[in-house]
Every structure is written in structure tokens, then in C-alpha cells.
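# Close look at the chain arrangement
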Amino acid sequence: SAYMRSNANEINQLLAEAQKISKISKRFELVELDFGCANAILECNTGNVKDYFIDFGDLGEVTQWIAEYQELASKGIKLELVIQSLTDKAIIGMVALDRLNTETALIRMWINPSYQNQGFAKEACKYFIDAYAKLYPDKAIMYTADIKNIASVNLAKSLDFVFTRYLSDTDGIDSIEL
């Protein structure tokens, strides 16, 4: 439908804008998620990654995850970008904007444990937020973090997110919404 096409077009604009803005980085590039990226994440993080999308178990799971992501992207709901090192093409992490079809998008990120505490999350989120704000000046972005994850809460504050409320999810994880 025309509605679907316009959403997919918006996703492509957001991807292009985020990639353009992130060109100033000397450390990484933002690349669109694809099967090769997911496979690389699986290879370097098997067993460690419970933090972000799913607990990667096998290629079947990753294939299903990629298919689900592509469907959401085609509907203009989600855009996930891989943060890839410019020097050795290693997967540093991922940054995603979800709920793009609503007035308030949700930003999420995951950083490979070997690259944590080096400013990658803040830098990648900033490029993504800047791109989104440029294309959608009237929309907002929300950030949620597990309140026990001090680094994540501090990251949100450093990106100028302001506290809105505490919430508990169905798994009983207490989160802070910013």
C-alpha cells in the first residue's frame, strides 16, 4: 500500500541522515542491520548477549530475528543500526529506534562488553537522536533503563534526557523512563 511505502521511505531517510551525521566519527560507522552483521554478532558474543534483543542461541534464531526486524522496518516501526569499527570492522554494538510509527520513539542500545565505558553508546545515540530530531522536529524520543544499570541511567542523563517516571515491567524489572 502507499501508506507502507511512505513508511519504508521514512526509514530510508532516517538511515541516510544518521549515516550522514555519523560520518564525523573517527571510530565507527553506522551500518544497516543485515544477516551478515547478525551472524558476526552471534560469532563474537554467543552466550553473552542477553542484554539487548534476544539471547542469541543459533542461526535459526538470528534468521527469525532478522526477518522480524525487516518486517518492522518495512512498516516504518523500527530502525536498527550496527555500530561497526572503522579500523577492523568489529561489531561494537547496536543502536535502535523503535515505535517510529508513534509520536514518541523509543531509543535502545547494546554495546559489546569489550567496548563498554569508551563513549561509543553516547556518540552513536547522539548521531541517531540528531538525525531523528532533524527529520521529525515535532516528535519526541523516550529512553528506558533498568534502574540497577547505573551506566545506562547516566548515559540517558548525559544525552539530556529528563526523568519522567519509574515503571516495572512484566519480568519485575524496575525501570526509569526518561
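Residues numbered from 1 in each chain as written. Predicted model: local features only at pLDDT ≥ 70, side-chain atom pairs only at ≥ 80, totals over all residues. Heavy atoms only, no water.

## Thoughts on the overall build of the protein
Assigned secondary structure in the protein consists of five helices and seven strands. Along the protein, from the amino end to the carboxyl end, the secondary structure elements read α-β-α-α-β-β-β-α-β-α-β-β. Across the protein, the fraction of contacts at a sequence separation of at least 24, relative to all contacts at a separation of at least 6, is 58%. With the model as given, the accessible surface of the protein reaches about 9500 Å², and the carbon-plus-sulfur share is 52%. (Helix = DSSP H or I, 4+ residues; strand = E, 2+ residues; numbered from the N terminus. Contact = heavy atoms within 4.5 Å. Areas by Shrake-Rupley, 256 points an atom, 1.4 Å probe, with all protein chains shown as cover.)

## Some thoughts on the pattern of salt bridges
Taken as a whole and judged by the stated rule, the model has eight salt bridges. Here glutamate 80 ties to lysine 78 by a salt bridge, and the two come within 3.5 Å at their closest N and O atoms. Note on glutamate 80: relative accessible area 1%, which makes it buried. Given a relative accessible area of 10%, lysine 78 falls into the buried group. Here lysine 126 makes a salt bridge to aspartate 130, at a shortest N to O gap of 3.0 Å. Taken together, the residues lysine 126 and aspartate 130, both in helix H4 (residues 120-135) and four residues apart, mark about one turn of the helix. (Salt bridge = Lys/Arg side-chain N within 4 Å of Asp/Glu carboxyl O. Buried < 20%, exposed > 50% of the residue type's maximum accessible area, 1.4 Å probe, protein only.)

## A few points about the packing of aromatic side chains
All told, the structure shown has five aromatic pairs when counted by the stated rule. Between tyrosine 132 and tyrosine 136, the aromatic rings sit 5.0 Å apart at their centres with planes inclined by 45°, giving tilted as the arrangement. With respect to class, tyrosine 132 is no different from tyrosine 136; both count as buried. Ring pairing ties together the aromatic residues Phe28, Tyr115, Phe120 and Tyr127, which thus form one cluster. Sitting over the face of the ring of phenylalanine 120, arginine 27 holds its NZ or CZ atom 3.8 Å from the ring centroid. Lysine 139 extends its terminal NZ or CZ atom over the ring of tyrosine 136, reaching a point 5.1 Å from the ring centre. (Phe/Tyr/Trp six-rings, centres within 6.5 Å; stacked < 30°, edge-to-face > 60°. Lys NZ or Arg CZ within 6 Å of the ring centre and 35° of its normal.)

## A closer look at the pairing of strand E2 (residues 79-85)
Within E2, seven of the seven residues are buried, leaving the element largely enclosed by the surrounding structure. Side-chain alternation along E2 places Leu79, Leu81, Ile83 and Ser85 on one buried face and Glu80, Val82 and Gln84 on a second face that is also buried. Bridge count between strand E1 (residues 28-32) and E2: five bridges; the pairing is antiparallel. Bridged to leucine 30 within E2 is isoleucine 83. By the bridge criterion, six bridges tie E2 to strand E3 (residues 91-98) in an arrangement that is antiparallel. Its bridge partner lying in E3, valine 82 is registered against methionine 94. Counting the residues between successive antiparallel strands, the hairpin from E2 to E3 contains five residues, one of them, lysine 89, with a positive phi of roughly 65°. (Pairing = 2+ DSSP bridges.)

## With respect to helix H5 (residues 150-158)
Residues of H5 that are buried include every one of Ser152, Val153, Leu155 and Ala156, and no others. Projected down its long axis, H5 carries its buried residues within an arc of 155°, all on one side. A positive phi of about 70° marks aspartate 160, the residue just after H5. (Arc of directions from axis to C-beta.)

## A look at H4
The end-to-end C-alpha distance of H4 is 23 Å, a good match for the 22 Å that 16 residues give at a rise of 1.5 Å each. Residues Phe120, Ala121, Glu123, Ala124, Cys125, Tyr127, Phe128, Ile129, Ala131 and Tyr132 constitute the buried set of H4. (Expected span 1.5 Å × (residues − 1).)

## What about the environment of serine 158?
Secondary-structure assignment places serine 158 in helix H5. Residue serine 158 is classed as partly exposed on the basis of its relative accessible area, which comes to 32%. Among the polar contacts made by the side chain of serine 158, one reaches the main-chain carbonyl oxygen of leucine 155 at a distance of 2.8 Å. (Polar contact = N/O pair within 3.5 Å; in protein donor to acceptor, adjacent residues only side chain to side chain.)

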